[in-house]
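Residues per chain, in single letters:
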Amino acid sequence: MKTIGLIGGMSWESSLLYYQIINQRVKEKLGGHHSAKSLMYSLDFDDIKTLQHQGKWDEATKVMIDSAHKLESGGADFIVICTNTMHKMAKEVEESVAVPLLHIADSTAKEIVKDGIGKVALLGTAFTMEQDFYKGRLMERFGLDVMVPNETDRLIVHDIIYKELCLGIIHDESKQSYLRIINKLSQQGAEAVILGCTEITLLISQENCGIPLYDTTRLHAEAAVDFALEGEINFP
């Protein structure tokens, strides 16, 4: 079993889900008392949040590269960034270490393509929805047609993530706002929705929606286990 190196703490609420999902999947795959071999370097999210909103992406990139180096030095066989937004610097992080980086957009897109879906809506932070580092990868590498909410709805989605979900605050009113936005995107032609922020799964789930949801947290965490166990068992 390979050792998974997790860059977490962005926020710790979703990092907790990563740890749980990873170990649950290892147990499902191997049985008995098996659990994952993993290392987590957990950042202070307030520092990262400040750099994000001040547009200091070069400084944020240095922090992420340093985190990856610590994990590699600690024995990680590959790197998992436990957040969608900070994949903005995935290329720089990957190039800074000798071990592979498992990209969250790839894990998600592979499932979408496998399900025969071509047009998807993307929900996430404003950085993820508006910048090209995430949408561009989905379109260029996987041929997906990616929609995002209008400017007003993007602000709603973004603010709920930072002001509530990253703090572990769950409001039914916010849930209804997300469902309204998803319904609007569905009416505009979206065949499915990517929950492109690892905290969104704290608020809504498939049982709330009539349109398929792709939970990036679960898909990324499960892909990490599959990669860690590669060569030991046969996958479907």
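One can find the structure itself at the top, above this paragraph.
Since the structure is predicted, the reported quantities are computational estimates derived from the model, not experimental observations.

Judged by pairing direction, the sheet is parallel, and its three strands sit side by side in the order β2-β1-β3 without closing on themselves. Across the chains shown, the open sheet's two edge strands, defined by having one partner strand only, are β2 (38–42) and β3 (78–81). Here the average twist between neighbouring strands, direction ignored, is 20°. Bridging between strand β1 (residues 4–8) and β2 involves five bridges; their strand directions are parallel. Counterpart to L6 in the pairing with β2 is M40. Along the sheet, helix α10 (residues 216–228) contacts β1 and β3; its crossing angle with β3, the most-contacted strand, is approximately 175°.

Let's shift gears to empty space enclosed by the protein. On inspection of all chains with the given rule, the structure shows one cavity of 30 Å³ or more. Approximately 60 Å³ is the volume attributed to the largest cavity. If you list the elements that add at least two residues to the lining of the largest cavity, you get α2 (45–53) and α8 (151–163). Taken together, the residues of the lining of the largest cavity break down into six nonpolar, five polar and one charged.

Our next topic: the state of the cysteines. On inspection of all chains with the given rule, the structure shows zero disulfides. Unpaired in terms of disulfides, C166 finds its nearest cysteine sulfur in C197, a separation of 5.8 Å. The exposure class of C166 is buried, given its relative accessible area of 9%. Residue classification places C197 among the buried positions, given a relative accessible area of 5%.

Let us now look at the side chain of R137. Within the secondary structure, R137 sits in helix α7 (residues 132–142). A polar side-chain atom of R137 sits 2.8 Å from a polar atom in the side chain of D106.

With that settled, the discussion passes to the sheet that holds strand β7 (residues 213–215). What the four strands build is an open sheet, ordered β5-β4-β6-β7; its pairing is parallel. The open sheet is flanked by β5 (145–147) and β7, the only strands paired with a single partner. Neighbour to neighbour, the strand axes of the sheet diverge by 30° on average, direction disregarded. Judged from the four bridges that link them, strand β4 (residues 119–123) and strand β6 (residues 192–195) form a sheet pairing that is parallel. Bridge pairing in β6 links L123 to L195. α10 contacts β6 and β7 of the sheet and is inclined by roughly 50° relative to β7.

On to the side chain of D153. Along the chain, the position of D153 falls in helix α8. A relative accessible area of 3% means that D153 is categorised as buried. Within the structure, the side chain of D153 is placed 3.0 Å from the side chain of K184, a separation counted as a polar contact. Residues within four places of D153 in sequence aside, it is in contact with R180, I181 and K184.

By volume, the second largest pocket amounts to about 270 Å³. Those elements that place two or more of their residues in the lining of the second largest pocket are α4 (90–96) and α7. Take the lining of the second largest pocket: its biggest share by element is six residues, from α7. When the residues that make up the lining of the second largest pocket are grouped by side-chain class, the tally is two nonpolar, three polar and eight charged.

Quick notes on the rules
- Residue positions are counted from 1 within each chain, in the order its sequence is given.
- Where totals are concerned, whole chains, interfaces and linings use all residues; where local detail is concerned, this predicted model gives features only for residues with pLDDT of at least 70, and gives and counts side-chain atom pairs only at 80 or more.
- Where side-chain values are given, they derive from all heavy atoms of the structure, hydrogens and water being excluded.
- Strand pairing follows a simple DSSP-based rule, namely that at least 2 bridges must link the two strands.
- We count a stretch as a helix when DSSP gives it H or I for four or more residues in a row; a strand needs E for two or more, and each element gets its number in order from the N terminus.
- The axes used here are C-alpha line fits, helices contributing only the stretch in contact, and every angle between their N-to-C directions lies in the interval 0 to 180 degrees.
- Contacts: residue pairs with any heavy atoms within 4.5 Å of one another.
- Site definitions follow a grid-based scheme: protein atoms alone, a 1 Å grid, a 1.4 Å probe that fits but cannot get out for cavities, and for pockets an open set with protein on both sides within 12 Å along at least five of seven lines, plus lining residues having an atom within 4 Å of a point.
- Grid points are joined across faces, edges and corners, and a volume is the space filled by probe spheres set on the points.
- Each residue receives one of three labels: charged for Asp, Glu, Lys and Arg, nonpolar for Ala, Val, Leu, Ile, Met, Phe, Trp, Tyr, Cys and Pro, and polar for the others, Gly being one of them.
- Here, the term disulfide refers to a pair of cysteine sulfur atoms separated by no more than 2.5 Å.
- We call a residue buried when its accessible area falls under 20% of the maximum for its residue type, exposed when it is over 50%, and partly exposed in between, using a 1.4 Å probe and counting protein chains only.
- Nitrogen and oxygen atoms within 3.5 Å of one another constitute a polar contact, given that in protein one can donate a hydrogen and the other can accept it, and given that sequence-neighbouring residues count only through two side-chain atoms.

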